[in-house]
Amino acid sequence: MPNPPKPSHLKAVQGTERADRKNPREPQPPKGMPPVPENLTTEELIEWGRNCERLQTMGVLSEVDGMALEQLCVVTCEVRRLTLKLRDADTIVVTTTQKEQVEKLNPLWAQLNVARKRQHDLWAAFGLDPSSRTRVHTVQAPGNGNAQATKPPVKQANDYFN
């Protein structure tokens, strides 16, 4: 299955945006923090605050990202809970069938792997995974000291021969 399309704002930040592939009618949701969902637990609310701060600093959070951000917070807390459960649990569990006892991997591992996959997919959707940042170069903006993302430098032909 191919990778999903990368959001335009991430292409601009990473320097991979091309004018001939740009969608001129792409919706541009307003930047800002989405409303906090009412159904989050205390742990998930803390994660909500952490993620909102990270994403606003990166400049990728918009007011319509609430549902995806909610899922990211829920899944992150689920991964944390499963990890803590597995610290105290046996890796191999013994189950009894009609004829014999069978050793198998603790089912919590499968649940953790599924949750981690969902978490990684959501990280990629927000540009939070390390691989999506490998091509971003930051420089200090003149005057204000804030880092800004720029395009990677373009190599000239003579750069390859020196």
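Participant: So what's going on with the overall build of the chain? Residues and values would help.
Facilitator: Within the chain, the regular secondary structure consists of 4 helices and 4 strands. In sequence order, the chain lays out its α and β elements as α-α-α-β-β-α-β-β. Every one of the 162 residues in the chain was classed for burial, and the buried ones make up 25%. A separation threshold of at least 6 residues defines the contact pool for the chain, and within that pool the share at least 24 residues apart is 56%.

Participant: Can you lay out the side chain of Glu47 for me, pointing to particular residues and giving the numbers?
Facilitator: Mapped onto the secondary structure, Glu47 falls in helix H2 (residues 42–58). Filtering out sequence-adjacent residues up to four positions away, Glu47 remains in contact with Arg54, Cys73, Thr76, Cys77 and Arg80.

Participant: Which residues make up the state of the cysteines, and what values do they have?
Facilitator: Going through the model one piece at a time under the given rule, you end up with 0 disulfides. Just so you know, Cys52 is unpaired, no disulfide at all, and the nearest cysteine sulfur is the one on Cys73, 6.8 Å from it.

Participant: Mind laying out the pattern of salt bridges, listing which residues take part and the relevant values?
Facilitator: When their charged atoms lie close together, side chains carrying opposite charge are able to pair. If you walk through the whole model with that rule in mind, you get 9 salt bridges. Put simply, Arg54 and Glu47 hold a salt bridge, and the shortest N to O gap is 3.9 Å. Glu47 sits in the buried class, given a relative accessible area of 3%.

Participant: So what about a nonpolar patch on the surface? Which residues, and what values?
Facilitator: On the surface, a cluster of nonpolar side chains totalling about 240 Å² of accessible area is made up of Met33, Val36 and Leu45. Here Val36 shows up in the loop between helix H1 (8–14) and H2. Classification of Val36 as partly exposed rests on a relative accessible area of 40%.

Participant: Can you lay out the environment of Asp129 for me, pointing to particular residues and giving the numbers?
Facilitator: Along the chain, the position of Asp129 falls in the loop between helix H4 (107–126) and strand E3 (137–140). For Asp129 and Gln119, which are 10 residues apart along the polypeptide, the C-alpha to C-alpha distance reads 9.9 Å.

Participant: Pulling in residues and values, what's your account of the nonpolar core?
Facilitator: If you look at the biggest cluster of nonpolar residues, it comprises 20 residues, and the most contacted ones within it are Trp48, Leu55, Leu69, Leu72 and Phe126. At the level of secondary structure, the elements contributing two or more residues to this core comprise H2, helix H3 (66–88) and H4. If one sorts the elements of this core by residue count, H3 sits on top with 7 residues. Discounting chain neighbours no more than four positions away, the residues touching Phe126 are Leu55, Met58, Val60, Asp65, Ala68, Leu69 and Leu72.

Participant: Any chance you could break down H4 for me, citing the residues and the numbers?
Facilitator: Taking 1.5 Å of rise per residue, the 20 residues of H4 would be expected to cover 28 Å, and the 29 Å separating its terminal C-alpha atoms lies within 8% of that figure. Turning to H4, its buried residues are Leu108, Leu112, Ala115, Gln119, Leu122 and Phe126. Angularly, the buried residues of H4 cover 90° about the axis, an arc narrow enough to put them on a single face. Of the surrounding elements, those touching the buried residues of H4 are H2 and H3. Of the residues flanking the start of H4, the one acting as N-cap is Asn106, its side-chain oxygen 3.0 Å from the backbone nitrogen of Leu108.

Participant: Explain the confidence of the model for the chain residue by residue, including any values.
Facilitator: In this model, the chain carries a mean pLDDT of 80, and residues with pLDDT of at least 70 account for 79%. Of all helices and strands in the chain, the one with the weakest mean pLDDT is E3 (39), whereas H3 scores best (95). Note on residues 135–142: pLDDT under 50 across the span, and 23 contacts to partners over four residues away in sequence or across chains.

Participant: Quick one: what's the story with the packing of H3 against H4, residue by residue and with numbers?
Facilitator: One way to put it is that H3 packs onto H4 with a least axis distance of 9 Å and a crossing angle of 150°. Judged by the inter-axis angle, H3 sits roughly antiparallel to H4. Crossing of H3 against H4: the hand is left-handed. Contacts between H3 and H4 involve Ala68, Leu69, Gln71, Leu72, Val75, Thr76, Glu78, Val79, Leu82, Thr83, Lys85 and Leu86 from the former and Leu108, Trp109, Gln111, Leu112, Ala115, Arg116, Arg118, Gln119, Leu122, Trp123 and Phe126 from the latter. Across the contact of H3 with H4, the residue classes break down as 14 nonpolar, 5 polar and 4 charged.

Procedures and definitions
- Just so you know, the residues in each chain are numbered from 1, in the order the chain's sequence is written.
- Only residues with pLDDT of at least 70 get local features here, since the model is predicted, and only at 80 or more are side-chain atom pairs given and counted; chain-wide, interface and lining totals rely on the full set of residues.
- Think of the side-chain values as coming from all heavy atoms in the structure, minus any hydrogens and water.
- In this text, helices come from DSSP runs of H or I with a minimum length of four residues, and strands from runs of E with a minimum of two, each type numbered from the N-terminal end.
- Burial here depends on accessible area, computed with a 1.4 Å probe over protein chains only, as a share of the maximum for the residue type. Under 20% is buried, over 50% is exposed, and the range in between is partly exposed.
- In what follows, residue pairs with any heavy atoms lying within 4.5 Å of each other are defined as contacts.
- The disulfide criterion used throughout: a pair of cysteine sulfur atoms within 2.5 Å.
- By convention in these notes, a salt bridge is any Lys or Arg side-chain nitrogen within 4 Å of a carboxyl oxygen on Asp or Glu.
- Residues enter patches when they are more than 30% accessible in relative terms and free of salt bridges; like-charged ones are connected within 9 Å and nonpolar ones (Val, Leu, Ile, Met, Phe, Trp, Tyr) within 5 Å.
- Accessibility throughout is a Shrake-Rupley quantity obtained with a 1.4 Å probe, and a residue counts as covered only by protein chains that appear here.
- The criterion is simple. A nonpolar core is a set of buried Ala, Val, Leu, Ile, Met, Phe, Trp, Tyr and Cys residues joined through side-chain atoms within 4.5 Å.
- Helices are assigned an expected span. That span is 1.5 Å times one less than the residue count.
- Throughout, the arc means that of the directions going from the helix axis to the C-beta atoms.
- Pairing of N or O atoms within 3.5 Å defines a polar contact, subject to two protein rules: one partner must be a possible hydrogen donor and the other a possible acceptor, and residues neighboring in sequence count only if both atoms are side-chain atoms.
- Known as pLDDT, the predictor's per-residue confidence is scaled from 0 to 100.
- For helices, the axis comes from a line fit to the C-alpha atoms of the stretch in contact; other axes are also lines fit to C-alpha atoms, and the angle between any two N-to-C directions lies between 0 and 180 degrees.
- These descriptions rest on fixed angle ranges, namely under 35 degrees for roughly parallel, over 145 for roughly antiparallel, 65 to 115 for roughly perpendicular, and the rest for oblique.
- Note on convention: near helix rotated counterclockwise from far helix by under a right angle means a left-handed crossing. Clockwise means right-handed.
- Lys, Arg, Asp and Glu make up the charged group, whereas Ala, Val, Leu, Ile, Met, Phe, Trp, Tyr, Cys and Pro make up the nonpolar group; the residues left over, Gly among them, are polar.

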